[in-house]
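# Notes for the structure review
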Amino acid sequence: MELLNLFRKKKANKTGNPVIDFYNGIDEDGRLTKKSRMPEYLNTIKYIEKYLTPNSKILEIGAGTGRYSLALAEKGCNVTSVELVPHNIDIMKKKIKPEHKIEVHEGNACDLSFLKDNTFDIVLLLGPMYHLFNTEDKHKALSEAIRVAKKGAVIYVSYCNNDTSMYKFFYTHRVLKYLEEGLIKEDYHTASAPAQIFELYRKSDVDELMKNYNVTRLHYVGVDMLSYLFDDSFDNLSDQEFEEYMKFLSNLCEREDCVGLSIHMLDIFRKE
């Protein structure tokens, strides 16, 4: 199921891989620059900085066009970036400065065999779980992220929220179409497949995935709450209004009664 109609499309050659074709056809590089999208980035960076040290060795899996990797390289961190989509890698490489300590690899989150065990202080898995549609692949990605992390490392995993997306489907008058196509189950959990690009989760799904890993959850954060639902009206906030919104978000983004409102959820845990 398409997640949200958020992106500016452009013409692109088809590769036969739905995820690569999707990212070849959107402005991923500009996605997090609008006020309705910036909270996702700003809150994620804020939580990364909680555990960042001057000597942190960082891995970003699914680095996209490098928004996080490059920001962390700017801070002097040693960064390794892994990205599936060659188009995104090309954009990222054009932004790398000579002083950046960053390596970029084309690769798949489910197989990081070219990276050694127990290597990284911080591991970011901020996109791949959006595009994995069976339990085996989800566990491969999680297991690989944990494997390459040092003992005591902090790992960040992002998920797209099922129920806030459902609100968007009602708001955009798509819900009846999706019901007819069998893409929404009786309990209003979406039935996803690679052709629909995005996998959607509830917190109970995340908890089920994580229950057998030797990790300790540090935070479970709703990084952007409902800002995605307001699109243009939210983009028209003044800078002062946006600053107040970010303060408001900081007060509720970890509240158990509010996290389920967020379109993007961030699970942060420590490897034991």
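The shown structure was predicted, so the numbers you read here are calculated from the model rather than taken from an experiment. (Residues numbered from 1 in each chain as written. Predicted model: local features only at pLDDT ≥ 70, side-chain atom pairs only at ≥ 80, totals over all residues. Heavy atoms only, no water.)

### So, the overall build of the protein chain
In terms of helices and strands, the protein chain carries 10 helices and 8 strands. Over its C-alpha trace the protein chain gives a radius of gyration of 18 Å, about what one expects of a compact globule, namely 19 Å for 272 residues. Expressed as lengths along the three principal axes of its C-alpha atoms, the size of the protein chain is roughly 50 × 45 × 40 Å. Counting the 272 residues in the protein chain, one finds 54% classified as buried. The contacts in the protein chain between residues at least 6 apart in sequence include a share of 74% that link residues at least 24 apart. Counting only carbon and sulfur atoms, one obtains 50% of the accessible surface of the protein chain, whose full area is about 13,000 Å². (Helix = DSSP H or I, 4+ residues; strand = E, 2+ residues; numbered from the N terminus. Rg over C-alpha atoms; globule rule 2.2 N^0.38 Å. Buried < 20%, exposed > 50% of the residue type's maximum accessible area, 1.4 Å probe, protein only. Contact = heavy atoms within 4.5 Å. Areas by Shrake-Rupley, 256 points an atom, 1.4 Å probe, with all protein chains shown as cover.)

### Quick notes on the pattern of salt bridges
According to the stated counting rule, one finds 19 salt bridges in the structure shown. When the shortest N-O distance is used, the salt bridge between K140 and E136 registers 3.6 Å. Of this pair, K140 and E136 both sit in helix α5 (residues 135-148), 4 residues apart, which is roughly one turn of that helix. Given the relative accessible area of 55%, E136 is considered exposed. Of the charged contacts, one joins E144 and R147 as a salt bridge, the two residues approaching to 2.7 Å between their closest N and O atoms. With E144 and R147 both in helix α5 and 3 residues apart, this pair spans about one turn of that helix. (Salt bridge = Lys/Arg side-chain N within 4 Å of Asp/Glu carboxyl O.)

### Notes on the state of the cysteines
Counted according to the given criterion, the structure contains 0 disulfides. Unpaired in terms of disulfides, C160 finds its nearest cysteine sulfur in C110, a separation of 16 Å. A disulfide-free cysteine, C258 has its sulfur positioned 9.6 Å from the sulfur of C253, the nearest such atom. (Disulfide = S-S within 2.5 Å.)

### Topic: the packing of helix α6 (residues 162-171) against helix α9 (residues 227-235)
The interhelical angle for the contact between α6 and α9, taken along N-to-C directions, is 50°, at an axis separation of 10 Å. Classed by the angle they form, the pair α6 and α9 counts as oblique. Seen from α6, the contacting residues are T164, Y167, K168 and Y171; seen from α9, they are Y228, L229 and D231. The residue inventory of the contact of α6 with α9, partitioned by class, reads 4 nonpolar, 1 polar and 2 charged. (Axes fitted to C-alpha atoms, helices over the stretch in contact; angles between N-to-C directions. Parallel < 35°, antiparallel > 145°, perpendicular 65-115°, else oblique. Nonpolar A, V, L, I, M, F, W, Y, C, P; charged D, E, K, R; others polar.)

### What about the confidence of the model for the protein chain?
Within the protein chain, residue pLDDT values average 89, and 95% of them lie at 70 or more. Contacts of residues 1-12 to residues separated by more than four positions or lying in other chains number 40 contacts, the stretch itself having pLDDT below 50. (pLDDT = per-residue confidence, 0-100.)

### Observations concerning the nonpolar core
Counting residues in each nonpolar core, the largest one holds 36 residues, and the members touching the most others are Y68, L124 and Y156. Of all the elements in the fold, those that place two or more residues in this core are α2 (38-49), α3 (67-74), β4 (120-125), β5 (149-161), α9, α10 (239-252) and β8 (264-271). (Core = buried A, V, L, I, M, F, W, Y, C linked by side-chain atoms within 4.5 Å.)

### Some words on the side chain of N162
If you trace the backbone, N162 turns up in helix α6. Its relative accessible area of 0% is what places N162 among the buried residues. Polar side-chain contacts of N162 include one of 3.1 Å to the side chain of D163. Leave out the neighbours within four places in its chain, and N162 touches Y188, H189, T190, L200, Y201 and R202. (Polar contact = N/O pair within 3.5 Å; in protein donor to acceptor, adjacent residues only side chain to side chain.)

### A short note on the pairing of strand β3 (residues 101-106)
Across 6 bridges, the pairing between strand β2 (residues 78-83) and β3 is parallel. By the bridge assignment for β3, V82 is matched with H105. For the crossover from β2 across helix α4 (residues 86-95) to β3, the handedness is right-handed. (Pairing = 2+ DSSP bridges. Right-handed = clockwise from strand over helix to strand, strands pointing away.)

### Notes on α5
Along its 14 residues, α5 runs 20 Å from first to last C-alpha, staying within 8% of the 20 Å computed at 1.5 Å per residue. Residues K138, A141, L142, E144, A145, I146 and V148 constitute the buried set of α5. One side-chain oxygen at the N-terminal end of α5 lies 3.2 Å from the backbone nitrogen of E136; it belongs to N134. (Expected span 1.5 Å × (residues − 1).)

### Observations regarding the packing of aromatic side chains
In total, this model carries 6 aromatic pairs according to the counting rule given. A centroid spacing of 5.1 Å and a plane angle of 40° characterise the contact between Y41 and Y68, whose relative ring orientation is tilted. With Y41 in helix α2 and Y68 in helix α3, the pair connects residues that are 27 residues apart, well separated along the chain. The exposure classification of Y41 matches that of Y68, with both residues buried. With centroids separated by 6.3 Å and ring planes inclined at 50°, the aromatic side chains of Y245 and F248 adopt a geometry described as tilted. Of the two residues, Y245 and F248 are both situated in helix α10; the distance of 3 residues between them amounts to about one turn of the helix. When its relative accessible area of 13% is taken as the criterion, Y245 is described as buried. One aromatic cluster is present, formed by F234, Y245 and F248 through successive ring pairs. Above the plane of the ring of Y47 lies K50, whose end atom (NZ or CZ) is 5.4 Å from the centre. (Phe/Tyr/Trp six-rings, centres within 6.5 Å; stacked < 30°, edge-to-face > 60°. Lys NZ or Arg CZ within 6 Å of the ring centre and 35° of its normal.)

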